[in-house]
Amino acid sequence: MKNSLWSIIGLMTIAGTVSISSCSTIVEEPMQLQNAKEVSSEVLNSSDIKARKKVAVERNYFEKFSNQLMQVDENGEPTQNIPAYFPGIGEGNSTHMGKALTFLNQFAFFNENGLNTIGAPVTQFYSEELVEIGLIDIPDDVSSITTDGKGNSVWFKNIENIVTPVTEDKSDFVAKVEIIGGTGKFENATGDGIVVGFFNPNTGEGESTIKGRIVY
């Protein structure tokens, strides 16, 4: 199954002087020159910022999206039956990216507790779209991705998802997720969060938010 991408993709001087007095004696000059060399070396070392390894910092993470889900079988064909896959695309904002897209995938099934969903590989139905924006080599345990479409992305693994039917037109859900990687400034990111949202089982329209912590 191939879906077109949403249209929003396409959205420090160190100065110093070393003065050597003209009345310096021959004995004093070598010491002054040596001191000047030491100072120059210290300035060079302190300005070599790019060579230093970036230190990861833990920050708050928040995002909110309006989503459109689909109910399909393993071949991507529309179905009204359960079990089924619920892939989707969302448009919204992330605190660390601004305007962003989300790609997601869930597998729904019934058991003794009613309707349950678990994370499914986001690449199952969106591999082509993700490749188009430069996202490749995504592990199968990544069930959703948030990206700005400019090389930055955060990868989520679904840990637990609870769906609660409220009315015929609304189902609420709460999920635990882990951040298990990313690209761009989020490469090797880690963290966790809670997803809260709802969707209309008849139209697939819904909303979701993620609140948590991210280290990158």
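Since this is a predicted model, take the numbers as computed values, not measurements.

What counts, and where the lines are drawn
In this convention, every chain numbers its residues from 1, walking through the sequence in written order. Only residues with pLDDT of at least 70 get local features here, since the model is predicted, and only at 80 or more are side-chain atom pairs given and counted; chain-wide, interface and lining totals rely on the full set of residues. The basis for every side-chain value is the complete set of non-hydrogen atoms in the structure, without hydrogens or water. The predictor attaches a confidence to each residue, called pLDDT, with possible values from 0 through 100. By definition, residues are in contact when any of their heavy atoms lie within 4.5 Å. Pairing of aromatic rings covers Phe, Tyr and Trp, the last counted by its six-membered ring, and requires centre-to-centre distances within 6.5 Å; plane angles under 30 degrees mean stacked, over 60 mean edge-to-face, and any other angle means tilted. The secondary structure listing takes helices from DSSP runs of H or I that are at least 4 residues long and strands from runs of E that are at least 2 residues long, numbered from the N terminus. Throughout, exposure labels follow a simple rule: accessible area from a 1.4 Å probe, protein chains only, divided by the maximum for the residue type, with under 20% read as buried, over 50% as exposed, and the rest as partly exposed. A ring is considered to have a charge above it if a Lys NZ or an Arg CZ atom is located within 6 Å of its centre and within 35 degrees of its normal. For this analysis, a nonpolar core means a set of buried residues of the types Ala, Val, Leu, Ile, Met, Phe, Trp, Tyr and Cys, connected via side-chain atoms within 4.5 Å. N or O atoms within 3.5 Å of each other form a polar contact, as long as, within protein, one can give a hydrogen and the other can take it, and as long as residues adjacent in sequence are counted only when both atoms are side-chain atoms. What makes two strands pair is DSSP finding at least two bridges between them. A pocket here means an open set of points on a 1 Å grid, computed over the protein atoms alone, that has protein on both sides within 12 Å along at least five of seven lines. A cavity is instead a set of points where a 1.4 Å probe fits but cannot get out; residues with an atom within 4 Å of a point line either one. Grid points are joined across faces, edges and corners, and a volume is the space filled by probe spheres set on the points. Residues enter patches when their relative accessible area tops 30% and they take part in no salt bridge; the joining distance is 9 Å for like charges and 5 Å for the nonpolar side chains Val, Leu, Ile, Met, Phe, Trp and Tyr. Only the protein chains shown count as cover for residues, with accessible areas throughout obtained via the Shrake-Rupley method and a probe of 1.4 Å. Whenever Lys or Arg places a side-chain nitrogen within 4 Å of a carboxyl oxygen from Asp or Glu, that contact is recorded as a salt bridge.

Some remarks on the confidence of the model for the chain
With 75% of its residues at a pLDDT of 70 or more, the chain shows a mean pLDDT of 82. Residue range residues 2-44 is modelled with pLDDT below 50. Its contacts to residues more than four positions away, or to other chains, number 31 contacts.

Topic: the packing of aromatic side chains
Evaluated as defined, the whole model comprises eight aromatic pairs. Seen in terms of ring centroids, Tyr85 and Phe125 are 5.8 Å apart; in terms of plane orientation they differ by 70 degrees. Their pairing is edge-to-face. Separated by 40 residues along the polypeptide, Tyr85 in strand β2 (residues 84-85) and Phe125 in helix α2 (residues 123-132) bring together distant segments of the chain. Assessed through its relative accessible area of 18%, Tyr85 is described here as buried. The class of Phe125 is buried, set by a relative accessible area of 4%. Counting every residue linked through ring pairs, the aromatic cluster contains Tyr85, Phe107, Phe109 and Phe125. One Lys or Arg, Arg59, reaches over the ring of Tyr216 and ends 4.5 Å from the middle of that ring. Positioned above the aromatic ring of Phe198 is the side chain of Lys170, whose terminal nitrogen or guanidinium carbon lies 5.1 Å from the ring centre.

Looking at the nonpolar core
Within the largest apolar cluster, 18 residues are counted, with the highest numbers of intra-cluster contacts made by Tyr61, Val154, Phe156, Phe186 and Ile214. When contributions to this core are tallied by element, the ones reaching two or more residues are β1 (58-69), β8 (153-167), β9 (170-183), β10 (190-199) and β11 (205-215). When residues of this core are assigned to their parent elements, the largest contribution, four residues, is made by β9. Excluding its chain neighbours within four sequence positions, the residues that come into contact with Phe186 are His96, Met97, Asn152, Ser153, Val154, Gly181, Ile214 and Tyr216. Leu101, Phe125, Leu130 and Val142 belong to the second largest nonpolar core, which has 16 residues in total.

A look at the side chain of Gln106
Tracing the chain through its elements places Gln106 in strand β5 (residues 106-111). The buried category is assigned to Gln106, whose relative accessible area is 14%. Side-chain polar atoms of Gln106 contact the side chain of Thr117, separated by 3.1 Å. Ignoring any residue separated from it by four or fewer positions in sequence, one finds Gln106 in contact with Ala84, Tyr85, Phe86, Thr117, Ile118, Gly119, Ala120, Ser143, Asn158 and Asn161.

Overview of the pairing of β9
Pairing analysis gives 13 bridges linking β8 to β9, with the strands arranged antiparallel. Note on β9: the bridge partner recorded for Val163 is Phe173. In sequence, β8 turns back onto β9 through a hairpin of two residues. The pairing of β9 with β10 spans nine bridges and is antiparallel. Looking at β10, one finds that Ser171 is bridged to Phe199. Two successive antiparallel strands, β9 and β10, enclose a turn made up of six residues, where Gly184 displays a positive phi of approximately 65 degrees.

Things to note about the layout of surface pockets
Summary: where empty space remains is shown by rolling a probe the size of a single water molecule over the atoms. Here the largest pocket defines a volume of roughly 400 Å³. As for the largest pocket, its lining consists of 22 residues, and the residues nearest its centre are Gln71, Phe86, Phe199, Pro201 and Asn202.

Digging into a nonpolar patch on the surface
Together, Val174, Ile194 and Val196 line one region of the surface with nonpolar side chains, adding up to about 220 Å² of accessible area. Mapped onto the elements, Val174 comes out in strand β9.

A few points about the side chain of Asn158
Within the secondary structure, Asn158 sits in strand β8. In this structure Asn158 comes out as buried when scored by relative accessible area, which is 15%. Ignoring anything within four residues of it in the chain, the contact list for Asn158 reads Gln106, Gly119, Ser143, Ala175, Lys176 and Val177.

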